[in-house]
Number of protein chains: 2
Amino acid sequence: MPLREDMQLISVDDHLVEPPHVWQDRLPAALREIGPRIVREDGAAGGTDVWMYEGRRYPQIGLNAVAGKSPEQFGTEPMRYTDMIPGCYEPEARIIDMDLDGVQAALSFPSFPRFAGTVFLQAEDKALALLCVQAWNDFMLDEWCAAAPERFIPIAILPLWDVEACVAEIQRTAANGIKAISFTENPVPLGLPSFHTTHWDPVFAAAQEADLPLCMHFGTSGQAPTTAPDAPFAVTITLFGCNSMFAAADLIFSPVFHKFPRLKVALAEGGIGWVPYLLERADYVWDRHRWYQNVNQDVAPSELFRRHIWGCFIDDVHGLNSRYAIGIDRITWECDYPHSDSNWPNSRKRAIEVFAEIPDDEVHRMVEWNSRELFNFPRVA
Amino acid sequence: MPLREDMQLISVDDHLVEPPHVWQDRLPAALREIGPRIVREDGAAGGTDVWMYEGRRYPQIGLNAVAGKSPEQFGTEPMRYTDMIPGCYEPEARIIDMDLDGVQAALSFPSFPRFAGTVFLQAEDKALALLCVQAWNDFMLDEWCAAAPERFIPIAILPLWDVEACVAEIQRTAANGIKAISFTENPVPLGLPSFHTTHWDPVFAAAQEADLPLCMHFGTSGQAPTTAPDAPFAVTITLFGCNSMFAAADLIFSPVFHKFPRLKVALAEGGIGWVPYLLERADYVWDRHRWYQNVNQDVAPSELFRRHIWGCFIDDVHGLNSRYAIGIDRITWECDYPHSDSNWPNSRKRAIEVFAEIPDDEVHRMVEWNSRELFNFPRVA
């Protein structure tokens, strides 16, 4: 039962590093100087490329873009485009890297704007910020995905500070072929209303109407799991999936899925091995504690998860061993290129190992069909 | 393979509600007025019993002490001793309730001092606070456990603000027969140094020397997992086990177990279903990220967990299904009387169900022998 050659790997979580021209090509001339642009700073070892935006300096052009390095070389973030392999920022080079890796299609999150575009939340000039969001989405559709439409799944970011503008951007990008929306796993740490309010209802309604899943990448709340200021960063990396556990628990005890019965959420990079534990625990709590709480009294939280939430994993043996408790049709695979969690360029090789004992039809669901159905991204015959 | 009659259930996590006389019987006469005492306040429905300590009012005498109530009655905390069944605060009555429940022996955490005695951290008069800690430990040893030494496993709290005093109290109580130490899952939110410092080394050394496991009950960091101020409390209850995940990740990437190779930690009420996911993830991170970080380079974090950490569960079917990935000898059972997560008075009945498909020797390990060995609490012939 090895991964058959006719099974195409679809990655629901990769990352692209924006090339310098994304905003300079798309913003009105008068705004290019204040919009995001790359500045070469002099310094040791040939200088540094940094993003400048509204006078603020963003020194990491491609956080964690380590594809092509060995683990012993991790820990030093790329400081210049030339520190990265071109597949990080060029779609044509990315295709070559995907071919090397045995990956057929991939959805890529932003880097400079952060995974859910939350850099633009901090903007002083929100009119400019909206143009920046639209420019990124247009780059995604017209340049990145246009380079190979059957290989790239287009995802949009939203102007999260303005619900009406979010709805308009969902409708605009949906009309242009977008297949997913990058959304925050928790708006509260960003200073925005929670999933327990009615604030986001127009956004959820628009996403549901357009049949666009919300991809909630871990970390998009802006909160990293930490234990102590002096704990090694390995603790935070290990616990990042807890962000997705928090998001799942928050959503399944919220009114969201009761109001939007066709809304879909994918927990990008969240892992899946924790899902059976969380669902069992949530139902246990619901059985005992729903009576006196403002939660839905009729539908068990695990049932809401199974209807609405997709898990995403890179390399999660326990999760695959627990696949029936999660739901074979709710598991999707990811590559995470060019980040350090990725197995690139050995993703397919590693997938052959982890799927070795799993029946063909189940493997095919998890590596390809679940993602194609979730993102309305059919095979091209 | 049902739970055999000769298998004794040992609960590693129950709770007692302190009767009013704990400190009034033990503090010097001059300190009784300022030490913890119960005051009856007039009010609706017969008034309220509250703890007063150093002029501060602690209104919940037995948070979540709901044994004997149905879930529909949860949510209203006991306001008076007469709102609770006597087994909450009387050892003789507790034995009767344990017999009803089919439980042979139990370890009980404090209520008013909080699970790790952290109420005394807030004290203005630390000399008085030390006497209060000692009084609770003496109550535990001389009154609670003395009522039935083969039924109660004695646990001590520590004066966490003073490492030398902690060491002295470990040694004093060890000499008097204590079997466990209640310790915080994370000192940082309490304003204390982290596990990544040398601060706690004397405490860990004393616990190791006395062969006393550290029981880290979830919530003892003083931090509850939350997503949003308006999220229902069910979200927090569901996610409480994440505190134990955080504690485990923090410890296995810390120097603690490298410095104290015989130190033992039990994650009270943390659940076990998340353990395989966390260990797989920790090793994945260690494989890729240890090179540039201040973490041990030789021993995989999962190996440290398996040597040093015991999981504790009430009702965790996925955890039991995953027992080989956790380690049969690292799983202990708990009742959680009189809290709302408990199955009392049906703990044994429920245990018969959840252990039904598990081989006898494994069941016996998990319900009895692991705990007897961990706490040096042998069967009385």
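Our subject is the structure listed above.
Residues numbered from 1 in each chain as written. Chains lettered and ligands numbered in written order. Predicted model: local features only at pLDDT ≥ 70, side-chain atom pairs only at ≥ 80, totals over all residues. Heavy atoms only, no water.

Colleague: Could you clarify how one ought to interpret the overall build of chain A in this entry?
Modeller: A tally of regular secondary structure across chain A gives 13 helices and twelve strands. The globule rule puts the C-alpha radius of gyration for 381 residues at 21 Å, and the 20 Å found for chain A is close to it. Along the longest, intermediate and shortest principal axes, the C-alpha atoms of chain A span 60 × 50 × 45 Å. Going through the 381 residues of chain A one by one, you find that 62% of them count as buried. For chain A, the share of sequence-separated contacts (at least 6 apart) that also reach a separation of at least 24 residues comes to 71%. For chain A, the accessible surface area stands at approximately 13,400 Å², while carbon and sulfur atoms represent 53% of it. The distance from the centre of the 31 positive side-chain charges to the centre of the 53 negative ones in chain A is 2 Å. (Helix = DSSP H or I, 4+ residues; strand = E, 2+ residues; numbered from the N terminus. Rg over C-alpha atoms; globule rule 2.2 N^0.38 Å. Buried < 20%, exposed > 50% of the residue type's maximum accessible area, 1.4 Å probe, protein only. Contact = heavy atoms within 4.5 Å. Areas by Shrake-Rupley, 256 points an atom, 1.4 Å probe, with all protein chains shown as cover. Lys, Arg positive; Asp, Glu negative; His and termini not counted. Charge placed at Lys NZ, Arg CZ, Asp CG, Glu CD.)

Colleague: What is the right way to read the relation of the copies chain B and chain A from this model?
Modeller: In this arrangement, two copies of a chain are superimposed by a rotation about an axis accompanied by a shift along the axis. With an RMSD of 0.0 Å, the operation that places chain B on chain A is a rotation of 180° combined with a shift of 0.0 Å along the axis. Within this description, the copies of the chain are treated as partners about a two-fold rotation axis. Across chain B, the smallest distance between a C-alpha and the rotation axis is recorded for tryptophan 274 of chain B, namely 2.7 Å. Comparing interface residues between copies, 100% of those in chain B also sit at the interface in chain A, which points to an isologous, same-surface contact. (Least-squares fit on C-alpha atoms with pLDDT ≥ 70 in both.)

Colleague: Mind showing me how you'd approach the pattern of salt bridges here?
Modeller: Two side chains of opposite charge can pair, provided their charged atoms sit close to one another. Residues and elements named next belong to chain B. Tallied over the full model, the rule gives 48 salt bridges over all chains. The salt bridge partner of arginine 323 is glutamate 362, with a shortest N-O separation of 2.6 Å. Linking arginine 323 in helix H11 (residues 323–326) with glutamate 362 in helix H13 (residues 360–374), this pair joins segments that are 39 residues apart in sequence. As a salt-bridge pair, glutamate 373 and arginine 365 come within 2.9 Å of each other at their nearest N and O atoms. Given the relative accessible area of 24%, arginine 365 is considered partly exposed. (Salt bridge = Lys/Arg side-chain N within 4 Å of Asp/Glu carboxyl O.)

Colleague: Where do I start with H13 of chain B in this structure?
Modeller: Residues that lie three or four places apart on an α-helix share one face, since the helix turns once every 3.6 residues. Residues and elements named next belong to chain B. A rise of 1.5 Å per residue sets the reference length of H13, with its 15 residues, at 21 Å; its end C-alpha atoms lie 20 Å apart and thus fit the reference within 8%. Methionine 366 marks where H13 bends most, by close to 50°. Following H13 by one or two positions, asparagine 376 adopts a phi angle in the positive range, close to 50°. (Expected span 1.5 Å × (residues − 1). Bend = angle between axes of the 7 residues up to and from the residue.)

Colleague: Can you walk me through the packing of aromatic side chains in this structure?
Modeller: Here the distance between the centres and the angle between the planes together describe a pair of aromatic rings. Residues and elements named next belong to chain A. Inspection of the entire model under this criterion finds 40 aromatic pairs over all chains. On the basis of an interplanar angle of 80° and a centroid distance of 6.3 Å, the ring pair of phenylalanine 112 and phenylalanine 120 is categorised as edge-to-face. Phenylalanine 112 gets classed as buried once you look at its relative accessible area, which sits at 5%. Residue placement shows lysine 126 over the ring face of tryptophan 161; its charged tip is 5.6 Å from the ring centre. Between the NZ or CZ atom of arginine 290 and the centre of the ring of tryptophan 291, over which it lies, the distance is 4.4 Å. (Phe/Tyr/Trp six-rings, centres within 6.5 Å; stacked < 30°, edge-to-face > 60°. Lys NZ or Arg CZ within 6 Å of the ring centre and 35° of its normal.)

Colleague: Quick question: what am I supposed to make of a nonpolar patch on the surface here?
Modeller: Taken together, the side chains of Phe233 of chain A together with Trp291 and Tyr292 of chain B define a hydrophobic patch exposed on the protein surface, amounting to about 300 Å² of accessible area. Following the sequence through the fold, tryptophan 291 of chain B ends up in the loop between helix H8 (275–289) and helix H9 (301–308). Under the relative-accessibility criterion, tryptophan 291 of chain B is labelled partly exposed at 35%. (Patch = residues over 30% accessible without salt bridge, like charges linked within 9 Å, V, L, I, M, F, W, Y side chains within 5 Å.)

Colleague: Would you explain the packing of H8 of chain B against H9 of chain B in this entry?
Modeller: Two packed helices can be described by the angle between their axes and the distance between those axes. Residues and elements named next belong to chain B. Two numbers describe how H8 lies on H9: the axes approach to 7 Å, and their chain directions differ by 140°. When the axis of H8 is compared with that of H9, the two are oblique. Residue-level inspection shows Val275, Leu279, Ala282, Asp283 and Trp286 of H8 in contact with H9, the latter providing Pro301, Ser302, Phe305 and Arg306. Partitioned by chemical class, the residues of the contact of H8 with H9 number six nonpolar, one polar and two charged. (Axes fitted to C-alpha atoms, helices over the stretch in contact; angles between N-to-C directions. Parallel < 35°, antiparallel > 145°, perpendicular 65-115°, else oblique. Nonpolar A, V, L, I, M, F, W, Y, C, P; charged D, E, K, R; others polar.)

Colleague: How do you make sense of the sheet that holds strand S4 (residues 56–58) of chain B when you look at a structure like this?
Modeller: Through backbone hydrogen bonds, the strands of a sheet pair up, either in parallel or in antiparallel fashion. Residue and element names in this part refer to chain B. Strands sit in the order S2-S3-S4 across an open sheet of three strands; the sheet is antiparallel. At either margin of the open sheet sits one strand with a lone partner, and together these are strand S2 (37–41) and S4. Within this sheet the neighbouring strands show an average axis-to-axis angle of 40°, counted without direction. Pairing of S2 with strand S3 (residues 48–53) involves five bridges; the strand directions are antiparallel. What sits directly across from valine 39, in S3, is valine 50. (Pairing = 2+ DSSP bridges.)

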